[in-house]
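Observations on chain architecture
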Amino acid sequence: MREELLQPAADPAERAEETTLRPRRLADFVGQPRLKEHLEILLGAARRRRQAVDHLLLAGPPGVGKTTLAGIVAAELDVGLRVTSGPALERAGDLAAILSNLDDGDVLFIDEMHRLPRAVEEVLYPAMEEGQLDVLLGKGPTARSLRLDLPRFTLVGATTRTGLVAGPLRDRFGFVGRLDLYEVGELERIVTRSSGLLGIPITDGGAAEIASRSRGTPRIANRLLRRVRDVAEVRDHPAITEAVAREGLTLFGVDELGLDKVDRAILEVLVVRFDGNPVGLTTLAHAVGEETETVEEAYEPYLIRQGLLHRTPRGRVATERAFTHLGAARGNGRLL
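Residues numbered from 1 in each chain as written. Predicted model: local features only at pLDDT ≥ 70, side-chain atom pairs only at ≥ 80, totals over all residues. Heavy atoms only, no water.

Next up on the list: the overall build of the protein chain. Scanning the protein chain for helices and strands turns up 14 helices and ten strands. By residue count, 47% of the 336 residues in the protein chain fall in the buried class. (Helix = DSSP H or I, 4+ residues; strand = E, 2+ residues; numbered from the N terminus. Buried < 20%, exposed > 50% of the residue type's maximum accessible area, 1.4 Å probe, protein only.)

This paragraph deals with the nonpolar core. Of all hydrophobic cores here, the largest spans 48 residues; its most connected members are Leu69, Ile210 and Ile240. Leave out the neighbours within four places in its chain, and Ile210 touches Val191, Ile202, Ala221, Leu224, Leu225, Val228, Ile240, Ala245 and Leu249. Counting residues in each nonpolar core, the second largest holds 25 residues, with Ile98, Leu99, Leu102 and Leu169 among its members. (Core = buried A, V, L, I, M, F, W, Y, C linked by side-chain atoms within 4.5 Å. Contact = heavy atoms within 4.5 Å.)

Okay, the side chain of Arg22 next. You can see Arg22 is positioned in the loop between helix H1 (12-21) and helix H2 (33-49). Residue class for Arg22 comes out buried when judged on its relative accessible area of 17%. A polar contact of 3.5 Å, which involves the side chain of Arg22, links it to the side chain of Thr68. If we ignore the near neighbours within four places in the chain, the residues touching Arg22 are Thr67, Thr68 and Arg193. (Polar contact = N/O pair within 3.5 Å; in protein donor to acceptor, adjacent residues only side chain to side chain.)

Now for helix H4 (residues 92-100). Within H4, burial applies to Leu95, Ala96, Ile98 and Leu99. Axial view of H4: buried residues confined to an arc of 165 degrees, hence all on one face. (Arc of directions from axis to C-beta.)

A word on the packing of aromatic side chains. The description of an aromatic ring pair rests on the distance of the ring centres and on the angle between the ring planes. Inspection of every chain in the model, using the stated rule, returns zero aromatic pairs. Between Arg172 and the ring centre of Tyr125, over which it is positioned, the NZ or CZ distance is 4.0 Å. Here the guanidinium or amino end of Arg215 rests over the ring plane of Tyr302, the centre of that ring lying 4.1 Å away. (Phe/Tyr/Trp six-rings, centres within 6.5 Å; stacked < 30°, edge-to-face > 60°. Lys NZ or Arg CZ within 6 Å of the ring centre and 35° of its normal.)

Despite not being glycine, Arg215 shows a phi value in the positive range, around 60 degrees. Within the secondary structure, Arg215 is located in the loop between helix H8 (204-212) and helix H9 (218-234). For Asp236, which is not glycine, the phi torsion reads 60 degrees and is therefore positive. Structurally, Asp236 can be placed in the loop between H9 and helix H10 (242-251).

Look at H8 against H10: their axes get within 7 Å of each other, and the N-to-C directions meet at 30 degrees. One element, H8, and the other, H10, form an angle in the roughly parallel class. Contacts between H8 and H10 involve Gly205, Gly206, Glu209 and Ile210 from the first element and Glu242, Ala245, Arg246 and Leu249 from the second. (Axes fitted to C-alpha atoms, helices over the stretch in contact; angles between N-to-C directions. Parallel < 35°, antiparallel > 145°, perpendicular 65-115°, else oblique.)

What follows deals with the pairing of strand E3 (residues 81-85). Among the five residues in E3, five count as buried, and that is most of the element. Here E3 shows a buried face lined by Leu81, Val83 and Ser85 and a second buried face lined by Arg82 and Thr84. Taken together, E3, H4 and strand E4 (residues 106-111) constitute a β-α-β crossover, and its handedness is right-handed. (Right-handed = clockwise from strand over helix to strand, strands pointing away.)

Turning our attention to the side chain of Glu186. Mapped onto the secondary structure, Glu186 falls in helix H7 (residues 184-198). Despite its burial, Glu186 pairs with no opposite charge; the closest candidate is Arg189, at 5.7 Å N-O. With residues near it in sequence (within four places) discarded, Glu186 still touches Val30, Gly31, Gln32 and Pro33. (Lys, Arg positive; Asp, Glu negative; His and termini not counted. Salt bridge = Lys/Arg side-chain N within 4 Å of Asp/Glu carboxyl O.)

Attention now goes to the pattern of salt bridges. Scanning the entire structure with this criterion turns up 21 salt bridges. When the shortest N-O distance is used, the salt bridge between Arg213 and Glu209 registers 2.6 Å. Take Arg213 and Glu209: they sit in the same class, and that class is buried. Of the charged contacts in the structure, one is a salt bridge between Arg311 and Glu300, with a shortest N-O distance of 2.8 Å. Pair noted here: Arg311 is in strand E9 (residues 309-312) and Glu300 is in helix H13 (residues 292-305), with a separation of eleven residues, a long-range link. Under the relative-accessibility criterion, Glu300 is labelled buried at 0%. Through salt bridges that share partners, Glu209, Arg213, Glu242 and Arg246 make up one connected network.

Given below as C-alpha cells:
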C-alpha cells in the first residue's frame, strides 16, 4: 500500500516507531467493538461492489485510534493513503492540489477537521458529493469557473470536537463513528502486543500496571511502554514485570491514577493553596504555569473523569477524592 505523508513529523524516530506499533488490519485492531463491526460491513460492501467506501468521519479523544483506522481502511481496500490535517490546508489551492493528484480509490485522511478554513470547506463540498473540483481561472470580471472530474476517493476525517465541524460538512459524511476511551483490559492487550513488536518480554502484571496508568488511551499506553522499556534495558532487567513497570512509571512521574506532574500541580493548587475553595481558570493556569486553553482542554477532562475536580459557576473545585489522593486534609493548607 502506498502511503504519503504531507506534513513532516516532529520527531521522525519516535513517529516511525509509533507507526510500527499500529495495526494494519481491522482484525488486529483492539477495542471499539461496535465501530469495528460497522467498518467491517462498510468495507465488505465496498469490496463486493468494487467501489470506494463512503466518506467517514471519526470523532473521539486524542490518541484513541482515528489515524490508525484511516490507515486500516486504506490497507483493507489495498489503495493509497494520503495524510494531511486541517491546519496544514491554509488555502483552497492546497486542497485542490491534493485532490487533483489522487489515484482512483485512494483514501484521503484529514486530521483535525474542525480546524479547516471555510474556503477549504467550500472546495470539499462538490468533491465529496459529486466527485468534481471547481477551479477559478483568472480574476475580476474575466474570471471563469472550470469544473474538473476527480477520481473516486474516500475522505476520512478525524476530529476531537465534533460540534466545531460545520453542519453542512458533517452532513456530507456517509458514516460518523465515535471512538471512546479504552477499558484497562483492552489496553493490556495493546501493551502486550506492542511489547512483542518492540522485542521486550512483558508479564501480565507489567502490562496491567502500564495499562492502569494510561488514562484509557492507547497512544499514552504505548508511550509509557517505551519509557519503561528504556528503564528495563538501561538497568538490565530481562523483562518488564509489575515491579519494573512500577519502577519506570514512578521514575517518569506517572502515579497510580495516571496523573503526571502538571495534573498533580493543578490538584495541589486547588487543595493546598486554596484549601478546596473555588478557583478561576485563569488563576489556576497562572499558578501552574500553563495556558488557560491547555489546562481546560488537555488536563481538566481527565481530572473530571477521575472525580478529582469539579467545574462550578464560581470556579474549579477539588473533590474529596483529590484530597485523599494527595494525602491532604481540609484546613491544613499542606500535604500530609
